[in-house]
Every structure is written in structure tokens, then in C-alpha cells.
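Chains, contacts and geometry: an overview
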Amino acid sequence: MNKLFYFVPFAGLLYSLRWSWWYKNLSGLNVLVYHKIGYPPKGTKLKELWVTPERFEKHISWLTKKGYKLIGFSELADYYKNNKPVDDVVLVTFDDGYENNYKYAYPILKKYNAKGNIFVVYNTIGKVNVWHNPKTEVWINMATKEMLIEMDKSGVMEFGSHTMNHPRLANIDIEDAKWEIFESKKQLENLFQKEIIAFAYPYGNGAYEPEIRKLVLEAGYLFDFSFKQGKTSWPWEREKKTLDRLFIKYSDSCFDLNLHIKKGVSKIF
Ligand SMILES: [Zn+2]
């Protein structure tokens, strides 16, 4: 018999096992993490950090059609304090604070009456992503203060801290790490004239280092977000662990999005 007879179903099976559809369903908090909404420039080695505006709109449209409530940090605080279930809730977060979040994500979220949340690197506001090596990831504009304030006033976006300079917190002097965590909260509160209750560890670094996490909680952030793939079981035991997130990549369709939310991951390899 033709070898192809065996090969085709085998390849088909392998291909379908690439996705997590056969994992068990998980309950818990859904926090999506996006970075750049736009078109990956030539030469980028980090294409998976980009999601096109067309695809982003499909994701938001799909989520709202499925009945998920897309909420901000302040509403999540209400869920946390009152122990409300979160299975129909999705937090859309963006790391770093790029200008393209303002240009593309903000109007799309507004159109669907949805909310988003941006983690800002304070010292790069109105500048570029200087923490990246421009040989592997081109420098692009970060949102300006005016853009951030407009998004805040609109009620569409809420803001959290992603430190002052985007360092690997566990790899720098502890006093410097403390400053990055405390100073960014102070500066952002000054900018927005409201309390900043959320923090995301750059590269997820420090999220599971007790010494670093202690500083984040001491600074007064209610929520701290890692870069570890997954959902966090709810009610959340805040003293014990940081909140995990679902990393949405360039190649993620609505099928992937569904798997992220149901299974805590989409593609396995
Ligand atoms: Zn970052």
C-alpha cells in the first residue's frame, strides 16, 4: 500500500495535537497580554509581539459577541474585594505603552464599548523603546503624555506601571529595583491624578522572586502581573502569588483566543 495512506492521517493527527483543544477546561481569571498593535516592520525578530489592527478587531468583536465583559483594573478591584466570580470577565492588557496602542487599539476598544489597560514604562513616555536592542527590534514611538491623558479621560483605557526603565528587576541592585517600583507609581499618580493599583514585571522578571514581589506589594499595588502563560485560579490568594497572563501572538486567530481562555494556552509547540 502507498505510504501516503498512513502518512496523511498521521500528519493530520500531529497537526491537530499542536493545539490544546484536548486539554481540560480551566476556570479562573483571563488576562490577555498584547504588546504592539500594528504591522511588523521589516527586520523585526520579535514578530510575535505584533498583532495587526484587523486581527485585534476580530479578537475584540469575538470576545464581546461571546458575552465576555472587557474590564479595567478599577473594576477588577471590585471583583477582588467583593469576591465576585470572574469567568465571564476578560482583562485586555498591553505592555510597554506604544503609540500604536493609541492609534489602533484605543479606537477599536471604544467602538466595541470595551476597556483596555496599558502598562507604561514611565521614562520612555513620548520617546522610543530604548530597552530593546535596535538590531533585533526596531525602535518605534511610545505614546506621549497627551495621548495617555486623553485615553485615561475617555474611560476606555486604564493604566498601570511597568517600571521607570524596563529593567530585569531581579538582576539589578535591590535598591534600584525598589526605586523602579516605587518611583513609577508616584510619577504615574502625578500624571493621572489617581491611584495606580496595577504593576507588570518587565519580561516577567522578579514576579516569582519573593524579595522583589514583596517590594511591589509594599509599594501599594493591589495587582501584580507576571509574564507566565496561564490563568490564575479565583478567588485569588494575593499574598501567595502573582497573576498570570495569556500571551496573544501575531499568529493567534479567534480559535487560538478561545483556547487561551478555555485551556490557558493555545498552541503547545
Ligand atoms: Zn515590557
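Let us look at the structure shown here.

Analysis parameters
Residues numbered from 1 in each chain as written. Predicted model: local features only at pLDDT ≥ 70, side-chain atom pairs only at ≥ 80, totals over all residues. Heavy atoms only, no water. Patch = residues over 30% accessible without salt bridge, like charges linked within 9 Å, V, L, I, M, F, W, Y side chains within 5 Å. Areas by Shrake-Rupley, 256 points an atom, 1.4 Å probe, with all protein chains shown as cover. Salt bridge = Lys/Arg side-chain N within 4 Å of Asp/Glu carboxyl O. Buried < 20%, exposed > 50% of the residue type's maximum accessible area, 1.4 Å probe, protein only. Helix = DSSP H or I, 4+ residues; strand = E, 2+ residues; numbered from the N terminus. Expected span 1.5 Å × (residues − 1). Bend = angle between axes of the 7 residues up to and from the residue. Donors = N, O, S within 2.8 Å, 3.2 Å for Na, K, Ca; no water.

1. Regarding a nonpolar patch on the surface
Taken together, the side chains of Leu13, Leu17, Trp21, Trp22, Tyr23, Phe255, Ile268 and Phe269 make up a nonpolar region of the molecular surface, amounting to roughly 810 Å² of accessible area. Residue classification places Trp21 among the partly exposed positions, given a relative accessible area of 44%.

2. Details of helix 4 (residues 99-111)
Residue pairs spaced three or four apart in an α-helix point in one direction, given the helix's 3.6 residues per turn. The terminal C-alpha atoms of helix 4, which comprises 13 residues, lie 18 Å apart, in line with the 18 Å expected from a rise of 1.5 Å per residue. The sharpest bend along helix 4 measures roughly 35° and falls at Ala105, with the proline Pro107 sitting one to four residues further on. Listed in full, the buried residues belonging to helix 4 are Asn100, Asn101, Ala105, Tyr106, Ile108 and Leu109. Just past helix 4, the residue Asn113 takes up positive phi, approximately 55°.

3. Here's the deal with the coordination of the zinc ion
For the zinc ion, the full set of protein donor atoms is Asp96 (OD), His162 (NE2) and His166 (NE2), at a range of 2.1 to 2.2 Å. Coordination of the zinc ion draws on donor residues from a single chain, spaced D-x65-H-x3-H in sequence. Taken as a pair, Asp96 in strand 5 (residues 89-96) and His162 in the loop between strand 7 (157-161) and helix 6 (174-192) lie far apart in primary sequence, 66 residues in all. Residue classification places Asp96 among the buried residues on the basis of a relative accessible area of 4%.

4. Let's talk about helix 1 (residues 3-16)
The first and last C-alpha atoms of helix 1 sit 20 Å apart over 14 residues, in line with the 20 Å expected at 1.5 Å per residue. Little of helix 1 sits out of view: just zero of its 14 residues are buried.

5. So, the pattern of salt bridges
On inspection of all chains with the given rule, the structure shows 17 salt bridges. With a shortest N-O distance of 3.6 Å, Glu75 and Lys115 are connected by a salt bridge. You can see Glu75 sitting in helix 3 (residues 73-81) and its partner Lys115 sitting in the loop between helix 4 and strand 6 (116-120), a full 40 residues away along the chain. Accessibility expressed as a relative area gives 31% for Glu75, which makes it partly exposed. Residue Lys185 is joined to Glu189 by a salt bridge in which the shortest nitrogen-to-oxygen separation is 2.7 Å. Separated by four residues within a single helix, Lys185 and Glu189 lie in helix 6, roughly one turn from each other. Note on Lys185: relative accessible area 8%, which makes it buried. Judged by relative accessible area, Glu189 falls into the partly exposed class, the value being 23%. Here the residues in one salt-bridge network are Glu75, Lys115 and Glu158, joined through shared partners.

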